Amino acid sequence: MPAFNFRHIKDLYPIFWSKSREMTKKISETIAASPSTESVIEIREWASRATLDIIGVAGMGKDFDSLTNPSNELNETYRKIFGSDRTAQAVRVLLGLLPHWLATRLPLQRNDEIGNAINTVKTVAASLVAEKRSKLESGSAHGTDILSVAMESGGFSDADLVNQLMTFLAAGHETTASALTWAVYCLCRNPDVQSRLRTELRTELASALAQDGTMNSTEIDRLPYLNAVLQETMRIFPPVPLTLRETAHDTTIQNQFVPAGTTVVICPWAINTSTKLWGPDAREFTPERWLKPGTANTGGAESNYANCTFLHGPRSCIGKDFAKAEFACLVAALVAKFELQFEDEGYVLKIQSGITASPKGGLRIRVREV
Ligand code: HEM
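Keep in mind that this is a model prediction, so the values were computed, not measured.

Calculation criteria
Residues numbered from 1 in each chain as written. Predicted model: local features only at pLDDT ≥ 70, side-chain atom pairs only at ≥ 80, totals over all residues. Heavy atoms only, no water. Pairing = 2+ DSSP bridges. Helix = DSSP H or I, 4+ residues; strand = E, 2+ residues; numbered from the N terminus. Axes fitted to C-alpha atoms, helices over the stretch in contact; angles between N-to-C directions. Contact = heavy atoms within 4.5 Å. Parallel < 35°, antiparallel > 145°, perpendicular 65-115°, else oblique. Left-handed = near helix turned anticlockwise from the far one by under 90°. Nonpolar A, V, L, I, M, F, W, Y, C, P; charged D, E, K, R; others polar. Salt bridge = Lys/Arg side-chain N within 4 Å of Asp/Glu carboxyl O. Buried < 20%, exposed > 50% of the residue type's maximum accessible area, 1.4 Å probe, protein only.

Participant: Tell me about the sheet that holds strand 1 (residues 38-42), and please be specific about residues and values.
Facilitator: If you walk across this open sheet you meet the 3 strands as 1-9-6, and the pairing is antiparallel. In this open sheet, the two edge strands, each paired with only one partner strand, are strand 1 and strand 6 (338-342). For this sheet, the mean inter-axis angle between neighbouring strands, taken without regard to orientation, is 30 degrees. Sheet topology note: the strand 1/strand 9 (residues 364-369) ladder contains 5 bridges and is antiparallel. When the sheet's bridge partners are listed, Ile 41 is paired in strand 9 with Ile 365. The strands touched by helix 9 (residues 158-189) are strand 6 and strand 9; relative to strand 6, the strand with the most contacts, the crossing angle is about 80 degrees.

Rendered as structure tokens:
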């Protein structure tokens, strides 16, 4: 947990920023290569590559370089797991309904794929831990990344560290990629919000946006409109739409008896858009709710529990501060540099369910440099 403390996370802002700018630079190259002044990109794919690279450098001190080299093995592996083809989706739903011990033992191609993917990720994680351990022993490693901080704490065996790495690779990559995709969706749907945000970014972050500009936490965390847009996006479209818990003992929920061992579905998506908790405009994208006096952290909701994007309590998201900072840098770099529009003006959203939710088939957008 100390490795995920804000006092460490603040050292990672320059990494979040430089990877975000690498992403925008690569997107600019697609425009330069197109015959017109704009190009069409699939933003979910770009988001996924950027967040994989970020968790690599900031989490483990290793650049997977998937922004430059999309056929990187880890990127391909994650695409298989989070893939969007119909069979993968149907199997995922089916497996989710079966008990875990049964689901994982079925002789399905999907289970083989998941088994192979786990092996790939485990091999990558184990080699990273071994590399870092030998650097640490030779006295040359004092990284700011999460793995270095955790290893230097001395509290973990190398086998523990491999498991921890696999968890935050899985938990911290597609989640933030989904958040960025939803932010782009919301900004294309609300061009007035997009242009107001761009004005704030270009005015307040001028030096960070200059060539070779860097970023620190005080610079970006103080922007009210950026905060409002990010918070509102994650409220309406929480990247983890639902999760499960099992009751440890007999209990009651709203006076309903619930015996021990019952699976309970927690649905951040439903809670975050409940009209009872958020008022009649709960389902509308309204960044202004985070701008009224005293509402920057609550959006005006009376209870902290009205917002379950990162859950609450001892098993909530450990990477919350990491994710928020990374998300801020990605959105700021993208929106400051490009005007974003749906490729198809009449685009109708269809949602693809899965471990993280996102627009079905990806999100194709038209980008033009401002
Ligand atoms: C916008 C991005 C993110 C969202 C919305 C998010 C949300 C969540 C949620 C809802 C959980 C609880 C899942 C459950 O128990 O069912 C969780 C767990 C977790 N998250 Fe995140 N997360 C995000 C980004 C990250 C990042 C960037 C990291 C790491 C750098 C991370 C690391 C973790 C870990 C390690 C857990 C497991 C904690 C535990 O079980 O004790 N997350 N996250």
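Participant: Break down the packing of helix 8 (residues 146-153) against helix 9 for me, with residues and values.
Facilitator: Pairs of packed helices are described in terms of their axes, by the angle between the two and the distance that separates them. Interhelical geometry of helix 8 versus helix 9 gives an angle of 155 degrees and a closest axis separation of 11 Å. As far as their axial angle goes, helix 9 and helix 8 are roughly antiparallel. Crossing of helix 8 against helix 9: the hand is right-handed. When helix 8 is examined against helix 9, the residues Ile 146, Leu 147, Ala 150 and Met 151 are found in contact with a partner set consisting of Asp 158, Leu 161, Leu 165 and Phe 168. Here the contact of helix 8 with helix 9 is built from residues that sort into 7 nonpolar, no polar and 1 charged.

Participant: Give a description of the pattern of salt bridges that names residues and reports values.
Facilitator: Counted under the stated rule, the structure contains 15 salt bridges. Its salt-bridge partner being Asp 145, residue Lys 132 comes within 3.1 Å of it at the nearest N-O pair. A residue pair is termed long-range when its members are at least 10 positions apart, and Lys 132 in helix 7 (residues 109-137) and Asp 145 in the loop between helix 7 and helix 8 qualify at 13 residues. Each member of the pair, Lys 132 as well as Asp 145, carries the same accessibility label: buried. For the salt bridge of Arg 368 with Glu 339, the shortest nitrogen-to-oxygen distance reads 2.6 Å. One end of the pair, Arg 368, is in strand 9; the other, Glu 339, is in strand 6, with 29 residues separating them in the sequence. Overall, Arg 368 belongs to the partly exposed group, its relative accessible area being 34%. The partly exposed category is assigned to Glu 339, whose relative accessible area is 31%.

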